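The chain contents come next:
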Amino acid sequence: MIENKWTVKEYITYSLLTLVFLSSWTDINGIFAELPQIILTQPERWKLGAYLALITNFGNIAPLTLVIIKCLSKKRTLNSIPINYVVISIGMLSCFLLIFFWQRTAIIKNQNYSLTLLILAFFLSLLDCTSSVSFADYIQKFRREFTSALFLGESLTSVIPSLLAIGQGNGQLYCTSSLINGTNTTTAVYKTARFSVSIYFLCLFILLTISFIAFILLQWTKIARNSRQFISKTNEDNNNNETVNTLVEQQDVTTIPSESFQLTKTSYLLLSFGCTYTSSILFGMLLSISTYVLMPYGHRIFYLGTILSPWMLTLIWILGMIKPIISKRYILLFILLGTITFSFDLYVSFKSPCPPFVNTTKGNIFILFIWLSTYVLLGYPRLIIANYVRNYSSNGMFWYGVNVQLGALIGSIIAYLLIETFSLLRECIPCEILHC
């Protein structure tokens, strides 16, 4: 927390940083949030989600390229500013094109595919995967207490698309019975949305435009001048009109002693592994298995779980503001508890569509509690790890971003193998009548 009161400019800087980081995964998360509406008209139906997940994984080519450049370059730091301009601007362009062309399909080998949507999703994934690294590196240019803006922006990338989906009426359905060949069949009927998919993508484009404007304001105005790690002072000599530029380190005004952040190389490597591990579950596994965990307990629980889980990331940000640093043993404890709750999520997904306590009120409450707890128990130590590693070296946040993407990639590959390759998980179809 902060010892001295912030100035108005520092509050504005924090808000602008949050808006910038809002552009990181809003577009891809937005596509996944809109899937229940998109699949109604696209030829792949629900398989489109698996295709999009695979396309998103290919986007890790971009941060891998950054890592190679970083290793080969003799410079100590990578300039993330031009990268961020490219990331946000091309994201804006892709979202703008989605407004008009998301529904276009093409026939490949006698099979109809949502080619335009998949191509634009690939470009978005390239940029979003890169932003996890470049934005993490960019925040290191600011004082320590601004680090939490990265996590607030990250949480809003899921919260805002989910709120748009709620406003749209996305995913609302009712079950209807019909007699087919003498057999009573129950099918799911989706309600008509309040506004179209194109309007939804227009809203995402506006959000990215706001992020771009916020980044320009940070770079081209003096708003953030006193919020950076190093500020420039100009000393003018009236005798010879010479200007001397010196870099003065901005005083850290956090109440936390700097010794609390000191790490040995072994501790740094262990925390980096912890970041990779927690990211593999949060951004790789949970999104992929959500249907198999929540849907067996009913569409209402599935809807609540997918809508509330982004808000858990916001809760993590609040916890990080209240307690930005905890001892390493407590980090380990949180990760162990999160692993236990995730193990139960995974167990339920393997038992789908007939998991324990299905069709009971206590089962519904219990699975929702376990599902949301996993986000908090693994998300909070990941935030704390960021506060540790940014002080380890000038490149600490760059490698933190790399570890996040590496974890997300590993988790996504494992989930894809479980679901698509080995077919170990069976999905519960909405309104499907099961006798468990």
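Further up the page is the structure itself.
Parameters at a glance
- Residues numbered from 1 in each chain as written.
- Predicted model: local features only at pLDDT ≥ 70, side-chain atom pairs only at ≥ 80, totals over all residues.
- Heavy atoms only, no water.
- Salt bridge = Lys/Arg side-chain N within 4 Å of Asp/Glu carboxyl O.
- Helix = DSSP H or I, 4+ residues; strand = E, 2+ residues; numbered from the N terminus.
- Buried < 20%, exposed > 50% of the residue type's maximum accessible area, 1.4 Å probe, protein only.
- Phe/Tyr/Trp six-rings, centres within 6.5 Å; stacked < 30°, edge-to-face > 60°.
- Expected span 1.5 Å × (residues − 1).
- Bend = angle between axes of the 7 residues up to and from the residue.
- Axes fitted to C-alpha atoms, helices over the stretch in contact; angles between N-to-C directions.
- Parallel < 35°, antiparallel > 145°, perpendicular 65-115°, else oblique.
- Left-handed = near helix turned anticlockwise from the far one by under 90°.
- Nonpolar A, V, L, I, M, F, W, Y, C, P; charged D, E, K, R; others polar.
- Core = buried A, V, L, I, M, F, W, Y, C linked by side-chain atoms within 4.5 Å.
- Contact = heavy atoms within 4.5 Å.
- Polar contact = N/O pair within 3.5 Å; in protein donor to acceptor, adjacent residues only side chain to side chain.

## Focus: the pattern of salt bridges
Applying the stated rule across the entire model yields three salt bridges. With a closest N to O distance of 2.8 Å, R143 and E10 form a salt bridge. Residue R143 is found in the loop between helix 7 (115-139) and helix 8 (148-168), and its partner E10 is found in helix 1 (residues 8-21); the two are separated by 133 residues along the sequence. A relative accessible area of 2% means that R143 is categorised as buried. Here E145 and R143 are joined by a salt bridge, their closest N and O atoms 2.8 Å apart. The burial state of E145 is the same as that of R143; both residues are buried. A network of salt bridges, in which partner residues are shared, links E10, R143 and E145.

## Quick look at the packing of aromatic side chains
Within the structure shown, the criterion is met by 22 aromatic pairs. When the ring of Y138 is compared with that of F142, the centres are 5.4 Å apart and the planes differ by 70 degrees; the resulting orientation is edge-to-face. Pair check on accessibility: Y138 and F142 agree, each one buried. Here the aromatic rings of F344 and F366 are separated by 5.2 Å at their centres, their planes lie at 80 degrees, and the arrangement is edge-to-face. Of this pair, F344 sits in helix 12 (residues 328-351) while F366 is found in helix 13 (residues 361-389), placing the two residues 22 residues apart along the sequence. Its relative accessible area of 22% is what places F344 among the partly exposed residues.

## A few points about helix 8
With 21 residues, helix 8 should reach 30 Å at 1.5 Å per residue; the first-to-last C-alpha distance of 30 Å fits that figure. Of all the bends found along helix 8, the most pronounced is centred on L156 and spans about 30 degrees. In terms of burial, helix 8 is a largely internal element, 15 of the 21 residues being buried. Two residues or fewer after helix 8 comes G169, characterised by a positive phi angle close to 85 degrees.

## Some remarks on the packing of helix 10 (residues 265-294) against helix 13
In the contact formed by helix 10 and helix 13, the axes pass within 9 Å of each other and the chain directions differ by 155 degrees. It follows from the interaxial angle that helix 10 and helix 13 lie roughly antiparallel. The two elements helix 10 and helix 13 cross, and the hand of that crossing is left-handed. Across the contact of helix 10 with helix 13, the residue classes break down as 17 nonpolar, six polar and one charged.

## Focus: the nonpolar core
In a soluble, globular protein the nonpolar side chains are often hidden away together inside. Membership of the largest hydrophobic core comes to 107 residues, with the highest contact counts inside it found for L17, F21, F201 and Y400. Looking at this core, the element that brings in the most residues is helix 13, giving 14 residues. Excluding residues that lie within four positions of it along the chain, Y400 makes contacts with A136, F151, C275, R382, I385, A386 and V389.

## Remarks on the side chain of T341
Along the chain, T341 turns up in helix 12. Leave out the neighbours within four places in its chain, and T341 touches I370, S373, T374 and L377.

## A short note on helix 10
The terminal C-alpha atoms of helix 10 lie 41 Å apart, and with 30 residues this matches the ideal 44 Å at 1.5 Å per residue to within 8%. Along helix 10, the largest kink reaches about 50 degrees and is centred on L286. Here helix 10 lies mainly inside the structure; 21 of its 30 residues are buried.

## Details of the side chain of S23
If you trace the backbone, S23 turns up in the loop between helix 1 and helix 2 (26-33). At a separation of 2.6 Å, a polar atom in the side chain of S23 contacts the main-chain carbonyl oxygen of V20.

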